[in-house]
Amino acid sequence: MTFMHLFLFNHLHNTGMLNSAPIPLQLQSLESQAPSIVLCTLNAKYIHASLGLRYLLANMSRHASQALADRTQLMEFTLSRKTKEMVEELLGLLGPEQEGSVQIIGFGVYIWNIHQTTELVRKLKEARPSLKIVLGGPEVSHETEGQEIVQCADHVITGWGDVSFPKLCKALIDGPQPLMKIMVGEQPDLDQIELPYKAFTDQDLAHRVLYVEASRGCPFKCEFCLSSLDKTAWGFETQKFLSELASLYDRGARHFKFVDRTFNLKLETSIEILQFFLDRLARNDGSGVFVHFEVIPDHLPDRLKALIAQFPPGVLQFEVGIQSFNVEVQKLISRRQDNAQTEANLRWLLTSSHAHLHTDLIFGLPGESMDSFAKGFDRLVDIGPQEIQLGILKRLRGTPLSRHTVEHGMVYDSNAPYVVRQTQLLSADDVARFTRMAKFWDLIANSGRFKKTMPLILQPRAPQFSKFWSFMLLSDALWTRFGRSYGLSPEELLDAVFEHLSHGCGEDAHQLKTLLREDYESSGARGAPKCLSAIRTSEKDRRANLMALADAKTRFSNDSIEAVSPASSPVSNPPRASAAFKSLPQRQRRHER
Ligand code: B12
Ligand code: SF4
């Protein structure tokens, strides 16, 4: 072992980049310590810990061998890391090449990291051609022909990797050598798969979202979604899963995000899981619990409702995909959804439970026009969920959506994330206009920063008399004013909303300021929006201001007083974002996307 390698190894341990505890220098030997297999992925952000890789890690001993499990390590990065640094860290972790020994890096490849991972794989292969690169994950599981990353890699496992990755590593290290480059991942019964939850470190528990999974797959066939390719949904053994959940809970975990495609599919399992959390809430150690589930909206049996209603505020979050209320569109994309039942269930959740509802709509589906989307939007806004995420259609590799491309004039970006650019019913300008609206909707509606003012913003106005179009008008005005939808301070936004509603729509300025001031103050921001500066003062300040104004009156003409009044200072020099705002989370417990 070289001194350099020992130094690097200890450095990685000490900086927390390896998962295991540091080992005393004198006990180390390169052969025994350096891993031969590294599992790597680039997560969207640090808070997302990869569940898929933890499954692969947890199954090494069962489906390869204990010896190989001992020589496997996890290394996660985020999208913002520089390729050069990642190359150095990965090669540093593996240590120098040893004659006759095999070094493997397995990458989890997803739509959010395909560009960076391609670059990383290319550079790794340039730096160390003997390295075996194995790919897996949804982005390399379909339409792999012609994918640059696949060309650079040695092997690709499509679909599930829990069993096939350990087996492939064993074959690469111990022989016989695999002949196929692309192999279909085995899909065993779920009791053949080790659960991965012990692989979450205390660091993960303290700082990251814990993804958990009570079932895999989905029986539905919505054509835009990768899960539509699954034949059905499979459940992990509930008691085994709950005992892992209990261990995580006892170790201090409180925030859980279930990645099950449809949490409310199997009533008995859903009930057991909700009861698990209710039991802990009933004991005194239930504080800080937060649980997120993805649910189908039209299936909420009474027994489930009875449990949901028992949760206190701030604990339950449901992600509810509505996608479209348009029956024709639903038919075209094979989405079975009872709209009346959906609406009734959403209303029940909003009135009879404390669950936070994060709902999704997709813009750009085949058969959807701007006006039909507007109708669905208005319907959902009227129901009143706390959040409406306005997503734009993406054509995910492998999804059956492609069958509509010709007939419905669908044009998609050829690069990930393959966003729709235009359709037969939506021009490229419509899509661009809506994309801007979706961003402003996030800043204004979903952020919860304009709660009091929202009814005025959404008030249906001529000529369309629709909430969708009222917000679109605001979005157009914001775009004209700023030419961007990012980097806007709350003060800039507030002034622009004031300007649009008062001058653009003729709303009463005084009433508007009152609403905006309440919104601004309850958001916690402490800057000085121009439109509020005349009224956002304490009584003491107000008196002082009045005296100063009276004093000024004796010295200047009325016109001059207008000129020095803060309320009328020039708009061309907008205030910068206040430090208080920058330090606030964008949206409390917002669904991280
Ligand atoms: C968590 C999650 C996220 C997180 C990111 C998590 C992270 N690590 O950074 C967030 C919320 C940010 C996110 C966002 C998005 N997501 Co998402 N997300 C998921 C979700 C719900 C769970 C992933 C998971 O943990 N699954 C459980 C594990 C066990 O499965 P797995 O990850 O697929 O891993 C298995 C195999 O893939 C394979 N495997 C994985 N890694 C490796 C590595 C090797 C070497 C091998 C051999 C095998 C292998 O083996 C694993 C075990 O069997 C999935 C849906 C789902 N339930 O899977 C969607 C999913 C991954 N997301 C998807 C999409 C489309 C998106 C968005 C584009 C949605 C949008 N907003 O429009 C965004 C993109 C974000 C961006 N920044 O660009 C698609 C993926 C499409 C793709 N080709 O990658 C999925 C599959 C949803 C779907 N059904 O369509 N997402
Ligand atoms: S959108 Fe939801 S219900 Fe439809 S196939 Fe995907 S996971 Fe299943």
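Predicted, not measured: the structure shown is a model, and the values here were computed from it.

### Let's talk about the site of ligand 1
Around ligand 1 sit 40 residues, and of these Gly-52, Gly-106, Gly-108, Gly-136 and Gly-161 come closest. Those elements that place two or more of their residues in the shell around ligand 1 are α3 (51-58), β3 (104-108) and β4 (132-136). Ranked by the residues each element gives to the shell around ligand 1, the list is headed by α3, at 5 residues. For the shell around ligand 1, the per-class residue count stands at 21 nonpolar, 11 polar and 8 charged.

### Details of the site of ligand 2
Close to ligand 2 lie Cys-218, Phe-220, Cys-222, Cys-225, Ser-227, Ser-228, Arg-261, Thr-262, Ile-296 and Gly-321. Looking at the shell around ligand 2 residue by residue, the class counts come to 5 nonpolar, 4 polar and 1 charged.

### Some details on the sheet that holds strand β5 (residues 155-158)
The sheet built from 6 strands is open, its strands ordered β2-β1-β3-β4-β5-β6 with parallel pairing. A single partner strand is all that each edge strand has here, and the edge strands are β2 (72-78) and β6 (182-184). Pairs of neighbouring strands in the sheet enclose a mean axial angle of 20°, with direction left out of account. Pairing of β5 with β6, which is carried by 3 bridges, proceeds in the parallel orientation. Residue Val-156 lies in a different strand from β6, and its bridge partner there is Ile-182. Across the sheet, helix α6 (residues 83-94) touches β1 (37-43), β2 and β3, and the angle it forms with β2 is around 170°.

### Thoughts on the packing of helix α19 (residues 467-482) against helix α20 (residues 490-504)
Relative orientation of the contacting elements α19 and α20 amounts to 120°, with a least axis distance of 10 Å. In this view, α19 runs oblique relative to α20, as classed from their interaxial angle. In terms of crossing hand, the pair formed by α19 and α20 is right-handed. For the pair α19 and α20, the contacting residues are Leu-474, Ala-477, Leu-478 and Arg-481 in the first and Ala-496, Val-497, His-500 and Gly-504 in the second.

### Quick word on α20
Taking 1.5 Å of rise per residue, the 15 residues of α20 would be expected to cover 21 Å, and the 20 Å separating its terminal C-alpha atoms lies within 8% of that figure. Here α20 lies mainly inside the structure; 11 of its 15 residues are buried. When α20 is considered as a whole, its buried residues turn out to be Pro-490, Glu-491, Glu-492, Leu-493, Leu-494, Asp-495, Ala-496, Val-497, Phe-498, His-500 and Leu-501. One or two residues past the end of α20 sits Gly-506, with phi positive at roughly 75°.

About the thresholds
- Residues numbered from 1 in each chain as written.
- Chains lettered and ligands numbered in written order.
- Predicted model: local features only at pLDDT ≥ 70, side-chain atom pairs only at ≥ 80, totals over all residues.
- Near = placed C-beta within 6 Å.
- Helix = DSSP H or I, 4+ residues; strand = E, 2+ residues; numbered from the N terminus.
- Nonpolar A, V, L, I, M, F, W, Y, C, P; charged D, E, K, R; others polar.
- Pairing = 2+ DSSP bridges.
- Axes fitted to C-alpha atoms, helices over the stretch in contact; angles between N-to-C directions.
- Contact = placed C-beta atoms within 7 Å.
- Parallel < 35°, antiparallel > 145°, perpendicular 65-115°, else oblique.
- Left-handed = near helix turned anticlockwise from the far one by under 90°.
- Expected span 1.5 Å × (residues − 1).
- Buried ≥ 20, exposed ≤ 12 C-beta atoms within 10 Å, placed from the backbone.

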